[in-house]
Amino acid sequence: MTGSMIKSQNLPYCKGCGHDLIAKSTTGALEKLGYNPLDVIAVTDIGCHGIIDKCLNTHTVHGLHGRSVALGAGISFGTADDNQKIVVFVGDGGTTIGLQHIMEAARLNLNVTVVVHNNMLYGMTGGQSSGLTPRGFCTTTSFKGNPFTGYDICKLAHTAGARYVSRVMGVGDITDAMMKAFDQKGFSLVEVMEICPSYGVKLNPRRKLKEIVKESGRELGEWTNDLPAFTDRQGDKTANLLEKTPVIEKRFNHQLQKPLSLVISGSAGEGVQLAANIFSKAAISAGLHATQKGSYPVTVGVGFSTAEINVSPEEVLFHGISVPDMALITSADGLQHNRQRIEKMQGGKLFIDSSLTPPETGAEIIRRDFRSVGARNAAIHSILYLCRETGILEESSVYQIIEQEGKADKMPLDKIRKAMEA
Amino acid sequence: MHEKNSNDQVLIDGSRLIIESLARAGADAFIGYPITPANLLYLYGSQRMDMMLPAPDEITTVQWMAGLSATGKLPVTATSFPGFALMSESVNMAHMMELPMVIVLVQRLGPATGTATCGAQGDMLLLNGVLSGGHPIPVLGTSSFEDCWTLSARALEIAVTQRTPVILLTSKEEVMTQKSFDIGSLGTISKVDRKWYDKDCCDYKPYKPTGLVPEFLPVTQTTHQVRLTASTHDQDGILQHSSPEALANTRRLEEKIRASMKEKYLFYQLDHQEGAEKLVTAYGISAAAAREAVRKLRRDGQKVSLFIPGTLLPLPPVYLEILSGYKKVVIAEENMNNQLGSLLYGQQMPENIHFVGSLGKMISPEEIQKEVMS
Ligand SMILES: Cc1ncc(C[n+]2csc(CCOP(=O)(O)OP(=O)(O)O)c2C)c(N)n1
Ligand code: SF4
Ligand SMILES: [Mg+2]
């Protein structure tokens, strides 16, 4: 489709509304730059300026209040074709509620042009003050003048990394200013200063737009950053996530007659989750079913680290463990985190580091110096010892997984073997 | 219950299966904002999807997704209640614009921030009312690794064929626990067949339905004008206050979801035992306990059936029929208020409907067994 971007020169705004000029100069600028209507994706916000859609021959996308910049950003991610132009309309109200979206689009230097219709108040909802209303400007919610300073959206966008930012007065012919913004590679934003005849003019009689803008400290001008425009450069992707979980072949035997629940617990950074993972995989390599669940504080680097494991000759349908059949405790953090359920054990086995005082429990207590091979290896030590003591899994199945996972060099396996003999 | 017999055993979590399934079905972008317990999905999404974008918040997340969707991409995200709450206006927008996307909602203990690392099943009622007007949004719930595989792909299929955001409902324990699993048992997932408007003539109307769903065209083509809007609109995508054509359009949104979810996308498992008068009903994480409870009860010689709904919302009418076939029904759901039950029966819970709930911990098989036998 070629031809005019705009359907009619009769736009649906109140008489004298600055939005009229912006709509006409925006479409005029795009025509002058040689765009066809369907080369343009116009994303509009909720607000008076947003009712322009029906008058445009471009693609039009009309979403939520304040979100047009984010929506336009999303479109830009999916638009490989440089020939298409994404134009986002937003008001000072939309800028206020959606400030984050503008900062983000500027920071990433997305290929969109944002046109801020700054009439210094929420026009559509009755002339209330927005975050861009200048100090002293009268609105329907501040008849004596806005007591707050308004955001300088140009400064903010510039600081965030926008390729091109400009502020113009919404009077006369602003087509050239628009053309300049559209002609950028990367994020551009034009803030057009205007006044809403229905509220702004009425509440601020005899004040001139030019003077209001000047007094508010907003300079007219352009600001640029020489930063690269967004390109979608993604790193290497995995073609198949399932290849990252290699099939574990059955190579070993086990001595388990019924399901067994097991808790391994120690301190963060002591290899508890890794040891649990190795044990679970070793169980699978012995033809058992297994589940493994980790828990640790949100600050993963300190405090306890607990792993709950179920192994069973039949499918484990429910993996929750309240009181385990066996517990392996390698540090004080681990003991503290599991003390209550250890106390509730009425049988089974508690393997606990000999530095710790075992709680009252119905479990058989086995004290070993698991930490003698270094705190970081206490958990894997305890796992291997459990295999030896109970015969549930062959120790060699655990060693095999350690080997397969490339951990053999990182664990003092000889030292652990020796410690187990002691 | 079967002894395992395949060699393809791996140790895997549900997050991995969900993302791989979505990717195979055609999802090609993951928009992420971190939140426990959805972080594994984010990790895998960033590794697997062609495009990964880190959003600065969850409102932006869905806005970016909607923008991508308007260009023909099929975006996915994963979140939990705090993030989903921020998304809700944008989910309404995407539904109104008819833009496909999948949101994996991993439930955790609320209200508010609650406990990030504790599972829960507390968001069904929220989802039931998340669209203003009470319009339904498709929600599928995973109750096993098999579901993570099959229903994730189905969620994307629904998003595409019905042109709507779809919620895949799961919870912390389902997507973070690793379990041995026979990946050899997984079926093939083929890419969702996506048909776009393909006529060259100039009468494309973005919201003119064929059947109940309009044909899609991305804003990146330059043959036909596309108008997308979240405001009440006519078939041309032009804002209307409440014209008959525009209201018919809004009505159609409701109808297309109800019509497709009640049959075409009806997923559930009914493990009926001959002669059983008792039924255990559960979905999500509580389905694990329910399966174990039923296994044990049957071993003890009890006759009991098991019902696991996969299509959660809009609630398929057939579920009431299924439950009415039993003298005693036990619903297990990890919350205090029997959300599934109240969706089925409203304020008047029939006396034969029993509830096993829980707060801050998984429901155990024993609790369900006890209620079945009480
Ligand atoms: C989330 C949300 N909050 C509030 C509104 C109500 N609302 C509609 S338009 C508008 C103000 C628009 O002001 P502005 O963006 O400056 O545009 P103008 O009308 O001045 O052109 C508001 C607050 C809304 N639609 N959505
Ligand atoms: S209310 Fe103000 S901003 Fe809205 S159209 Fe009228 S003059 Fe323009
Ligand atoms: Mg305004």
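Since we're looking at a predicted model, the values are computed, not measured.

The rules behind the values
- Residues numbered from 1 in each chain as written.
- Chains lettered and ligands numbered in written order.
- Predicted model: local features only at pLDDT ≥ 70, side-chain atom pairs only at ≥ 80, totals over all residues.
- Heavy atoms only, no water.
- Helix = DSSP H or I, 4+ residues; strand = E, 2+ residues; numbered from the N terminus.
- Buried < 20%, exposed > 50% of the residue type's maximum accessible area, 1.4 Å probe, protein only.
- Domains from an automatic or database assignment.
- Pairing = 2+ DSSP bridges.
- Axes fitted to C-alpha atoms, helices over the stretch in contact; angles between N-to-C directions.
- Contact = heavy atoms within 4.5 Å.
- Salt bridge = Lys/Arg side-chain N within 4 Å of Asp/Glu carboxyl O.
- Polar contact = N/O pair within 3.5 Å; in protein donor to acceptor, adjacent residues only side chain to side chain.
- Nonpolar A, V, L, I, M, F, W, Y, C, P; charged D, E, K, R; others polar.
- 1 Å grid on protein atoms, 1.4 Å probe; cavity = no way out; pocket = protein on both sides within 12 Å on 5 of 7 lines; lining within 4 Å.
- Points joined across faces, edges and corners; volume = space filled by probe spheres on them.
- Near = heavy atom within 4 Å.
- Buried area = accessible area lost by both parts, 1.4 Å probe.
- Areas by Shrake-Rupley, 256 points an atom, 1.4 Å probe, with all protein chains shown as cover.
- Arc of directions from axis to C-beta.
- pLDDT = per-residue confidence, 0-100.

(A) Broad picture of unusual backbone geometry. Looking along the chain, the bond that leaves B:Thr36 and enters B:Pro37 is cis, with omega of 5°. With respect to the element layout, B:Pro37 can be found in the loop between β2 (29-32) and α2 (39-48). For the bond running from B:Gly110 to B:Pro111, omega is -5°, close enough to zero to count as cis. For B:Pro111, the position within the fold is in the loop between β5 (101-109) and β6 (115-119). With a phi angle near 70°, A:Met120 is a residue other than glycine that sits in the positive phi range. Mapping A:Met120 onto the fold places it in the loop between β4 (113-118) and α5 (153-160). Residue A:Met120 is classed as buried on the basis of its relative accessible area of 0%. Phi at B:Ala112 is positive, roughly 55°, even though this residue is not glycine. Tracing the backbone through its elements, the reader meets B:Ala112 in the loop between β5 and β6. Residue B:Ala112 is classed as exposed on the basis of its relative accessible area, which comes to 51%.

(B) Region of interest: the domain arrangement of chain A. Here the domain parsing of chain A yields domain 1 (18-224) and domain 2 (244-421). Computed from C-alpha atoms alone, the centre-to-centre distance between domain 1 of chain A and domain 2 of chain A is 61 Å.

(C) Focus on the sheet that holds strand β15 (residues 305-309) of chain B. Residues and elements named next belong to chain B. One open sheet accounts for five strands, arranged β13-β15-β14-β17-β18; its pairing is mixed. Both outer strands of the open sheet, β13 (268-271) and β18 (353-356), are each paired with one neighbouring strand and no more. Each neighbouring strand pair of the sheet contributes to a mean axis angle of 20°, computed without reference to strand direction. Bridge count between β13 and β15: four bridges; the pairing is antiparallel. Note that in β15 the partner of Leu270 across the bridge is Phe307. Lying over the sheet, helix α12 (residues 365-373) contacts β14 (278-282), β17 (328-332) and β18, oriented at roughly 160° with respect to β17.

(D) Geometry of the domain arrangement of chain B. Residues and elements named next belong to chain B. Domain boundaries in chain B define domain 1 (1-265) and domain 2 (269-373). The distance between the C-alpha centroids of domain 1 and domain 2 comes to 27 Å. Counting residues at the interface gives 32 residues for domain 1 and 26 residues for domain 2. Where domain 1 touches domain 2, the interface holds zero salt bridges. Counting across the interface, domain 1 meets domain 2 through 14 residue pairs in polar contact (both at pLDDT 80 or more). Elements represented by at least two residues in the side of domain 1 that touches domain 2 include exactly β6, α5 (124-128), β7 (139-141), α6 (145-162), β8 (165-171), α7 (172-176) and α8 (244-264). Its residues assigned to classes, the side of domain 1 that touches domain 2 shows 17 nonpolar, nine polar and six charged.

(E) Geometry of empty space enclosed by the protein. All names here are of chain A. Summed over all chains, the structure comprises one cavity of 30 Å³ or more. Lining the largest cavity are Thr26, Thr27, Leu30, Val40, Ala42, Leu56, Thr58, Val87 and Phe89. Of all the secondary structure elements, the ones that give two or more residues to the lining of the largest cavity are α1 (18-32), β1 (40-44) and β3 (85-91). Ranked by residues supplied to the lining of the largest cavity, first place goes to α1 with three residues. Of the residues contributing to the lining of the largest cavity, the split by class is six nonpolar, three polar and no charged.

(F) Molecular detail of the site of ligand 2. Around ligand 2, a shell composed of A:Cys14, A:Cys17, A:His19, A:Cys48, A:Asn119, A:Cys196, A:Pro197 and A:Ser198 is seen. Of the residues contributing to the shell around ligand 2, the split by class is five nonpolar, three polar and no charged.

(G) Quick look at the interface of chain A and chain B. At the interface, 64 residues of chain A touch 77 residues of chain B. Both faces combined, the contact of chain A with chain B buries some 5,800 Å², and carbon together with sulfur accounts for 59% of it. Among the residues chain A hides against chain B, the three largest losses belong to A:Leu241, A:Leu317 and A:Phe318. Together they make up 13% of the total. For the pair chain A and chain B, the number of links is three salt bridges. Ionic pairing is found between A:Glu314 and B:Arg295, a salt bridge with its closest N-O pair at 3.4 Å. For the pair chain A and chain B, the interface holds 33 residue pairs in polar contact (both at pLDDT 80 or more). Those elements that provide at least two residues to the side of chain A that touches chain B are β2 (59-62), α2 (68-77), α4 (99-107), α9 (272-285) and β9 (289-295) of chain A. The dominant element in the side of chain A that touches chain B, judged by the number of residues it contributes, is α2(A), at six residues.

(H) The site of ligand 1, seen in detail. Around ligand 1 there are 17 residues in total, and A:His19, A:Cys48, A:Asp92, A:Gly93 and A:Gly123 lie nearest to it. Surrounding ligand 1 is a set of residues that belongs to chains A and B. A:Cys48 places a polar main-chain atom, nitrogen or oxygen, 2.8 Å from an oxygen atom of ligand 1. At 3.0 Å, a backbone N or O of A:Gly94 approaches an oxygen atom of ligand 1. For ligand 1, whose unbound accessible area comes to 590 Å², protein coverage reaches 76%. Looking at the shell around ligand 1 element by element, the count peaks at three residues for helix α3 (residues 92-97) of chain A. Among the residues making up the shell around ligand 1, the classes are represented as five nonpolar, ten polar and two charged.

(I) Geometry of the pattern of salt bridges. Applying the stated criterion to the full structure yields 34 salt bridges over all chains. Two residues, A:Glu270 and A:Arg371, come together in a salt bridge whose shortest N-O distance is 3.0 Å. You can see A:Glu270 sitting in the loop between β8 (260-267) and α9 and its partner A:Arg371 sitting in the loop between β13 (364-368) and α11 (378-390), a full 101 residues away along the chain. The class for A:Arg371 is partly exposed, based on a relative accessible area of 27%. The residue A:Lys349 makes a salt bridge to A:Glu364 at a minimum N-O spacing of 3.1 Å. With A:Lys349 in strand β12 (residues 349-353) and A:Glu364 in strand β13, this pair connects stretches of sequence that are 15 residues apart. Salt bridges sharing partners connect three or more residues here, namely A:Glu314, B:Glu292, B:Arg295, B:Lys296, B:Arg299 and B:Glu366.

(J) Broad picture of helix α13 (residues 413-421) of chain A. All names here are of chain A. Those residues of α13 that fall on the buried side of the exposure criterion are Leu413, Ile416, Ala419 and Met420. The arc that holds every buried residue of α13, seen down its axis, measures 120°, which confines them to one face. The exposed set on the far side of α13, more than 90 degrees from its buried face, consists of Asp414, Lys418 and Glu421.

(K) The layout of surface pockets, seen in detail. There is about 1,200 Å³ of room inside the largest pocket. Every residue lining the largest pocket is counted, 43 residues in all, and those nearest its centre are A:Phe318, A:Gly320, A:Ile321, A:Ser322 and A:Val323. Every element with two or more residues in the lining of the largest pocket is listed here: β8, β9, β10 (304-312) and α10 (332-344) of chain A together with β6, α7, α9 (285-299) and α12 of chain B. Residue composition of the lining of the largest pocket, by class: eleven nonpolar, 14 polar and 18 charged. Considering only enclosed or pocket space, the second largest pocket measures out at about 970 Å³ in volume. Along the walls of the second largest pocket sit 41 residues, with A:Asn277, B:Asp13, B:Leu40, B:Met176 and B:Gln178 positioned nearest its centre.

(L) Quick peek at the confidence of the model for chain B. Residues at a pLDDT of 70 or more form 98% of chain B, whose mean pLDDT is 96. Listed scores for the predicted complex are pTM 0.97 and ipTM 0.96.

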